[in-house]
Amino acid sequence: MKGSTLELVKVTKRYGQTTAVDAIDLKVEGGAYCCLLGPSGCGKSTTLRMIAGHEAVTDGDVLLGPHNVTDLPPAQRGTAMMFQSYALFPHLTCVDNVAFSLKMRGIDKETRRAKAMELLDLVAMTPYAERLPAQLSGGQQQRVALARALITEPQILLLDEPLSALDPFLRIKMRAELKRLQKELGITFVHVTHGQDEAMALADLVVVMNQGIIEQAGTPREVFNAPRTAFVARFMGGHNVIDVPQGQIAVRADRLSLTPLEGATALVGSAMPAVVRDVEYQGSFVQVGLEAGQANELAAQISEAAFDAMPLQPGDRVAVSWVEADAHRLSTVA
Ligand code: ADP
């Protein structure tokens, strides 16, 4: 299996008056792990379904490798989809579930069974081959669903919130397995999620969507460290969006410095006066909530050692400062 490049060119989806996806351009390199990230209703699943061919494109083109697949039916695109609800056939054993699409293609029983066993081995489910889905845990069903999606040897695997039905412990375990498998297989993954931690953990390319457009696409570090818009800064979390005379900036909560302000001490440089609102011990750091004028509610994360050296209490006045390199200017339009 080998991953293809995926390219969306001005892809648009309209449902009557609603524009679910608005002329998006995106390029995902072959073999990359891409996460479409954003809040509910931002157009992630619609985008995924258009790539799969389960939803017609209103405008624009979907290119896979050298082919324009915009008007091809799903089975002819070289894509496979893994759904949130595993949608395994309840009356078929694991191995028959995995072999199902080869049966539909008229491949003989022996060949399709052998191939299905190979895929079950890949997802460490060989001992469960003859079980029915109801006799498996959620995580095991997930693995079978993955094997079933991979048996058609897709160039691109499309995953719609594949981990959201799992409990938090299993989700983190499956997440690591997905990533390992993707690197091992070398095929392109496009994974829809509304969890920024999931996207950061998995993706080579994070695509942050909002109201049918792409606000920012980049590596997890690029998107987290240098958010381009206030939406991205807020959605990724861990940032303060601050109004300064030149406009709006984002500064990571762990990059704010606090110094006690006593009496009429003058502020230096870009420092802002603020009042401590609350102090929360979080283990490896202390989270300090601050009020800095009407428009700015800030959060600073201070290391435990730094906090112990300079303890603060609600009501204390402080100067909030940051170094220029940590201030990322935000634009209003993507
Ligand atoms: P997400 O996956 O990010 O939660 P969706 O792609 O499902 O978002 O939906 C994007 C927008 O398109 C939403 O406003 C949603 O209500 C609308 N939408 C999705 N599917 C349909 C449909 N079949 N008919 C009408 N509107 C739809």
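Conventions used here
- Residues numbered from 1 in each chain as written.
- Predicted model: local features only at pLDDT ≥ 70, side-chain atom pairs only at ≥ 80, totals over all residues.
- Heavy atoms only, no water.
- Helix = DSSP H or I, 4+ residues; strand = E, 2+ residues; numbered from the N terminus.
- Buried < 20%, exposed > 50% of the residue type's maximum accessible area, 1.4 Å probe, protein only.
- Contact = heavy atoms within 4.5 Å.
- Areas by Shrake-Rupley, 256 points an atom, 1.4 Å probe, with all protein chains shown as cover.
- Near = heavy atom within 4 Å.
- Polar contact = N/O pair within 3.5 Å; in protein donor to acceptor, adjacent residues only side chain to side chain.
- Nonpolar A, V, L, I, M, F, W, Y, C, P; charged D, E, K, R; others polar.
- Salt bridge = Lys/Arg side-chain N within 4 Å of Asp/Glu carboxyl O.
- Pairing = 2+ DSSP bridges.
- Axes fitted to C-alpha atoms, helices over the stretch in contact; angles between N-to-C directions.
- Phe/Tyr/Trp six-rings, centres within 6.5 Å; stacked < 30°, edge-to-face > 60°.
- Core = buried A, V, L, I, M, F, W, Y, C linked by side-chain atoms within 4.5 Å.
- Domains from an automatic or database assignment.

### Let's talk about the overall build of the chain
Working step 1: If you tally the helices and strands in the chain, you get nine helices and 18 strands.
Working step 2: Here the C-alpha coordinates of the chain stretch approximately 85 × 45 × 30 Å along the principal axes.
Working step 3: Taking all 334 residues of the chain together, 47% fall into the buried category.
Working step 4: Contacts spanning at least 24 positions in sequence make up 65% of the contacts within the chain whose residues lie at least 6 apart.
Working step 5: Summed over all atoms, the accessible surface of the chain reaches about 16000 Å², with 52% contributed by carbon and sulfur.

### Topic: the site of the ligand
Working step 1: Taken together, Tyr15, Ala20, Pro39, Ser40, Gly41, Cys42, Gly43, Lys44, Ser45, Thr46 and Arg49 make up the full set of residues adjacent to the ligand.
Working step 2: A distance of 2.5 Å is found between an oxygen atom of the ligand and a side-chain nitrogen or oxygen belonging to Thr46.
Working step 3: Within the complex, 60% of the 560 Å² of free accessible area of the ligand lies under protein.
Working step 4: Sorting elements by how many residues they give to the shell around the ligand places helix H1 (residues 44–52) first, with four residues.
Working step 5: The residue makeup of the shell around the ligand, split by class, is four nonpolar, five polar and two charged.

### Comments concerning the pattern of salt bridges
Working step 1: One pass over the structure, following the stated rule, counts 15 salt bridges.
Working step 2: Across the pair Asp25 and Lys10 runs a salt bridge, and its minimum N-O distance is 2.5 Å. Here Lys10 lies in strand E1 (residues 6–15) and Asp25 lies in strand E2 (residues 18–28), a separation of 15 residues in the sequence.
Working step 3: Given a relative accessible area of 45%, Lys10 falls into the partly exposed group.
Working step 4: A salt bridge links Lys183 to Asp204; its shortest N-O distance comes to 2.9 Å. One end of the pair, Lys183, is in helix H5 (residues 168–185); the other, Asp204, is in the loop between helix H6 (196–202) and strand E9 (205–210), with 21 residues separating them in the sequence.
Working step 5: One salt-bridge network, in which partners are shared between bridges, spans Lys13, Arg49 and Glu55.

### With respect to the sheet that holds strand E3 (residues 33–37)
Each strand in a sheet pairs with another by means of backbone hydrogen bonds, the pair being arranged parallel or else antiparallel.
Working step 1: Here we have six strands laid out as an open sheet, ordered E6-E7-E8-E3-E9-E10, and mixed in their pairing. Unpaired on one side and paired on the other, strand E6 (79–82) and strand E10 (213–218) mark the two borders of the sheet. Averaged over all adjacent pairs, the angle separating strand axes in this sheet is 20 degrees, with direction ignored.
Working step 2: For E3 and E9, the ladder comprises four bridges, and the chain directions are parallel. Considered in E9, the bridge of Leu36 is made with Val207.
Working step 3: On top of the sheet, helix H4 (residues 138–150) reaches E6 and strand E7 (156–160); it is set at about 165 degrees to E6, its chief contact.

### Comments concerning the sheet that holds E1
Working step 1: Strand order in the open sheet formed by four strands is E2-E1-E4-E5, with antiparallel pairing between adjacent strands. Because the sheet does not close on itself, it has two edges, and the strands there are E2 and strand E5 (67–68).
Working step 2: Here five bridges tie E1 to strand E4 (residues 59–64), and the two strands are oriented antiparallel to one another. Bridge pairing in E4 places Leu6 opposite Leu64.

### Examining the packing of aromatic side chains
Working step 1: Scanning the model with the defined rule gives three aromatic pairs in all.
Working step 2: Arranged with centres 5.2 Å apart and planes meeting at 50 degrees, the rings of Tyr33 and Phe189 form a pair that is tilted. In this pair, Tyr33 is assigned in strand E3 and Phe189 in strand E8 (residues 188–193), connecting sequence segments 156 residues apart. By the burial criterion, Tyr33 is buried, and Phe189 matches it.
Working step 3: Note on Phe89 and Phe100: the rings are 4.6 Å apart at their centroids and 55 degrees apart in plane angle, and the pair reads as tilted. Of this pair, Phe89 sits in the loop between E6 and helix H2 (94–104) while Phe100 is found in helix H2, placing the two residues eleven residues apart along the sequence.
Working step 4: Under the relative-accessibility criterion, Phe89 is labelled partly exposed at 28%.
Working step 5: With a relative accessible area of 27%, Phe100 lands in the partly exposed category.

### Focus: the nonpolar core
Nonpolar side chains tend toward joint burial in soluble globular proteins.
Working step 1: Core analysis: the biggest nonpolar cluster contains 44 residues, and Val98, Leu120, Val144, Leu146, Leu150, Leu157 and Leu178 have the highest contact counts within it.
Working step 2: The element best represented in this core is H4, accounting for six residues.
Working step 3: Discounting residues that sit within four places of it in the chain, Leu146 has contacts with Met82, Val123, Leu157, Leu159, Leu178 and Leu181.
Working step 4: Counting residues in hydrophobic clusters, the runner-up holds 29 residues, among them Leu8, Val21, Val28 and Val207.

### Section: the domain arrangement of the chain
Working step 1: When cut into domains, the chain gives domain 1 (6–225) and domain 2 (242–329).
Working step 2: Just the C-alpha atoms count here: the centres of domain 1 and domain 2 sit 42 Å apart.

### Notes on the environment of Ala253
Working step 1: Its location among the elements puts Ala253 in the loop between strand E12 (247–252) and strand E13 (257–260).
Working step 2: For the pair Ala253 and Leu6, spaced 247 residues apart in sequence, the C-alpha separation works out to 35 Å.
Working step 3: Contacts of Ala253, omitting those with residues within four sequence positions, involve Gly238, His239, Asn240, Ala299, Ala300 and Gln301.

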